[in-house]
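# Fold and contact review
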Amino acid sequence: MPQPRLSPLSNFGLTIVSVIVLLAAIFPTQPIRTRGAAAQRSDIERRINALLARMTLAEKLGQLQQLDGHADGRFKDEQPELVRKGLLGSTLNVRGVKNTNDLQRIAVEQSRLKIPMIFGFDVIHGYRTVFPIPLGETASWDPAAVKRAASIAAAESRAAGVHWTFAPMVDIARDARWGRIAEGSGEDPYLGSVMARARVQGFQGTDYSANDKVVACAKHWVAYGAAEAGRDYNTTDVSERTLREVYFPPFKAAVDAGVGTFMSAFNSLNGVPTSANPFTLTDILRGEWKFDGFVVSDYTSVEELIKHGVAADGAEAAQEALNAGVDMEMVSRLYNRHGAELLKQRRLTQQTIDEAVRRILRIKFRLGLFDKPYADEARERAVILSPANVAAAREIAARSIVLLKNEKHVLPLAKSVKSVALIGPLADSQKDMIGSWTGDGRAEDAITLLQGLKSKLPQAKINYAKGCEIGCDRAEGFEEAVRAARESDVVILAVGESAEMSGEAASRTSLDLPGRQLDLVRAVQATGKPTTVVLMNGRPLTINWIAENTPAILETWFAGTQAGNAIADVLFGDVNPGGKLPVTFPRAVGQIPLYYNHFNTGRPPDSNNKYTSKYTDVPWTPLFPFGYGLSYTQFKITNLQLSAPRIPANGKLTVSVDVENVGKRAGDEVVQLYIRDVVASVARPVKELKGFERVRLEPGMKRRVDFALNPEQLGFYNRKLRFVVEPGEIKVMVGPNSQDLIESTFQVVER
Ligand code: BGC
């Protein structure tokens, strides 16, 4: 860490009058939020210029530095002094009003230029009130619910002094071995884009200087989810076409929604690490997409350029990352250590450094931190884990649950039931309910399924037996579990993964239930009692035996603080499940990557022809397809109509269907629209999601659902990687999942 050179003001040759003018520019009396957007923006740029003109090189490099606090929210002992000297502009993990205000006070009252700190934190699916893991939230197929969860998370974060969340994670994941599939929206770029937008809007609102909003961060830029073999941090090799069509779109949606920051990733992409990749960081992000916020590195990813083998030492790593477009360095300190020397050696320009500082200050201004740097302890107490937030967590968790099987209407269970056996290692585990990124969430706030059942059924006898641990290799608890099942009218089996088995650095080579849980399920199922399997997990699991042999399955992910209540709501019919899978469930790990929007190949699978694209040991099809999920009622989707038989390449079309609740309960159906460009200059996927709507219908009710198809949805990247809509036939498919579809076609014609 270089020592600061604190230049006295007179060194800048400024008169007292001009100092006053500058200070007035930096700290105007009128709050910036009350002015028009354009005026506000140019005002911010003026204030940034005024500040930049006064900053020493050390202070500039200080703005590019982010350091970690303690896991419990306190800052580290060395940090106040760094802040006082202007050598540290941001922390992560420092949170709680007392902690943030204490450090902020030093920045704002004791540092020379009084530039406020920006406090970042991983608020991934809730701050203290924890919502379902992002994959689970996405299973709601309800952007309004997802936006609401992000908005509550933002309000709690800002109340706790946090300004900036490292979310949403918008990485597409086609490989369930990769543990971080839990943190994203699954395999589909369209669904991923809708959810990216919803989360950015929820976190930021229309003005993230508000005291209940935070600035969001689209991460991890980019293709981090394409890690070879599903092993976290591993190499990626992805064609530009696949980048543009699969991995980029959710990031672009985040930019279009106004996201303030990006995080560069850990992976190398086509040989160039993404934290030193000018193509992605500058050409695409700033050049093509006009993103004007800043990019933070991932945790020590600048220093890791050395291990990647593209930088010989710390100086080279700093040079490459900053020149490529990484503005803020998380945790490693190479910009600070080597910035001055790199500038002297002309390996960095003053302009590059200034531009990075400018981008960071811009977001600090937009957050309103210069005008309102502190958080309020009374507000913190009122907002965090408020009854309203907890109630929302229950509702949103219930919306994220997917009914995978329900033979002979085992579900919903009757509330009049006299006795219930609740079995399994996840039935009463508070810490697992809140998932792997818990924010400031606490296990003790979480409601387990056992607690949820007890409050749902105060009169019934709950026979609880753990059966085994999550990763058990012994069966000694099985007997008690079987006895509990025998003594009960119905059985609920809560099985799955522990929270730490997914998330960061939590890749698996098997997608089976860990330990001997499947043996437990078999033993209990053999009692013949009506059994419902409640899955809790951060990724698709290979559950063939369960899918075949147990009558009812609920996929509940890790549903958050209110998991147990939400699951009980669904089990006993207070909520009719309407979630759908945001990711394909394979039959075997060897099928991976298995995703619905694949290409046809020249030899599409044909069970009567050996020499077609399939396996000899396992069917090529998924166990449960993308978009799949049942309800306690039944729906019919009929009467598919297109507004025109042909449209010009720049034209639009409306697709309409009727959706009818033909069952006996009110419920939700997610109507899904897919298309296929049948013949094009490059091969196109067999289907691509282009629209969806979660529709609520009372029994017997019917509704017309319309989808717009416009050039943005009909186009693709041609052989020259230009985005085009080509003439020809487009197949339109609509249904309740990616497999059960009704079809029609239209033509795109030359103008
Ligand atoms: C993760 C990021 C996270 C960062 C800060 C990294 O290890 O990859 O997603 O935001 O840590 O906690």
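All of the points below concern the structure found in this document. Note that the coordinates shown come from a computational prediction; the quantities given were computed from them, not determined experimentally.

### With respect to the overall build of the protein
Looking only at helices and strands, the protein features 24 helices and 26 strands. Its C-alpha atoms give the protein principal-axis dimensions of about 85 × 65 × 50 Å. Intrachain contacts of the protein at a sequence separation of at least 6 include 78% that bridge at least 24 residues. On the protein, roughly 28000 Å² of surface is accessible, and the fraction owed to carbon and sulfur atoms is 50%. Here the protein contributes 92 positively and 85 negatively charged side chains, and the mean placements of these two sets differ by 3 Å.

### With respect to the sheet that holds strand 14 (residues 490-496)
Strand pairing in a sheet takes place through backbone hydrogen bonds and is either antiparallel or parallel in direction. Judged by pairing direction, the sheet is mixed, and its six strands sit side by side in the order 11-16-15-14-12-13 without closing on themselves. What marks the edges here is a single partner per strand, and that holds for strand 11 (402-406) and strand 13 (461-465). Strand after strand, the sheet turns through a mean of 15° between neighbouring axes, direction not considered. Pairing of strand 12 (residues 419-423) with strand 14, which is carried by four bridges, proceeds in the parallel orientation. Its bridge partner lying in strand 14, Ile423 is registered against Leu493. Here helix 20 (residues 478-486) sits on the sheet and contacts strand 12, strand 13 and strand 14; the angle it forms with strand 13, its principal contact strand, is near 160°.

### Points about the layout of surface pockets
There is about 1000 Å³ of room inside the largest pocket. Tyr190, Ser193, Pro249, Lys690 and Glu712 are, among the 41 residues lining the largest pocket, the residues nearest its centre. Those elements giving two or more residues to the lining of the largest pocket turn out to be helix 8 (189-204), helix 9 (240-247), helix 10 (249-256), strand 21 (688-697), strand 22 (702-709), helix 24 (711-714) and strand 23 (716-717). Counted by class, the lining of the largest pocket contains 21 nonpolar, seven polar and 13 charged residues. Computed from the structure, the second largest pocket encloses a volume of approximately 570 Å³. For the second largest pocket, the lining is made up of 29 residues, of which Tyr595, Tyr596, His598, Trp620 and Val686 are closest to its centre. Tallied by class, the residues present in the lining of the second largest pocket amount to 15 nonpolar, nine polar and five charged.

### Regarding the site of the ligand
If you check the shell around the ligand, you find 13 residues, and the closest are Asp122, Arg180, His220, Asp298 and Glu504. Taking Lys219, its side chain carries an N or O atom lying 2.8 Å from an oxygen atom of the ligand. Out of a free accessible area of 310 Å², the ligand has 93% covered by protein chains.

### A few points about empty space enclosed by the protein
All chains considered together, the criterion is met by six cavities of 30 Å³ or more. Its boundaries defined by the atoms lining it, the largest cavity holds a volume of some 110 Å³. In terms of lining residues, the largest cavity is bounded by 15 residues, among which Glu59, Gln63, Gly86, Ser111 and Ile115 are the most central. Mapped by element, the contributors of at least two residues to the lining of the largest cavity are helix 3 (57-63) and helix 4 (79-84). Among the residues forming the lining of the largest cavity, the class breakdown is seven nonpolar, four polar and four charged. Here the second largest cavity defines a volume of roughly 60 Å³. Forming the walls of the second largest cavity are Arg174, Asp175, Ala176, Ile181, Glu187, Pro540, Val583, Thr584, Pro586, Ile592 and Leu594.

What counts and what doesn't
Residues numbered from 1 in each chain as written. Predicted model: local features only at pLDDT ≥ 70, side-chain atom pairs only at ≥ 80, totals over all residues. Heavy atoms only, no water. Helix = DSSP H or I, 4+ residues; strand = E, 2+ residues; numbered from the N terminus. Contact = heavy atoms within 4.5 Å. Areas by Shrake-Rupley, 256 points an atom, 1.4 Å probe, with all protein chains shown as cover. Lys, Arg positive; Asp, Glu negative; His and termini not counted. Charge placed at Lys NZ, Arg CZ, Asp CG, Glu CD. Pairing = 2+ DSSP bridges. Axes fitted to C-alpha atoms, helices over the stretch in contact; angles between N-to-C directions. 1 Å grid on protein atoms, 1.4 Å probe; cavity = no way out; pocket = protein on both sides within 12 Å on 5 of 7 lines; lining within 4 Å. Points joined across faces, edges and corners; volume = space filled by probe spheres on them. Nonpolar A, V, L, I, M, F, W, Y, C, P; charged D, E, K, R; others polar. Near = heavy atom within 4 Å. Polar contact = N/O pair within 3.5 Å; in protein donor to acceptor, adjacent residues only side chain to side chain.

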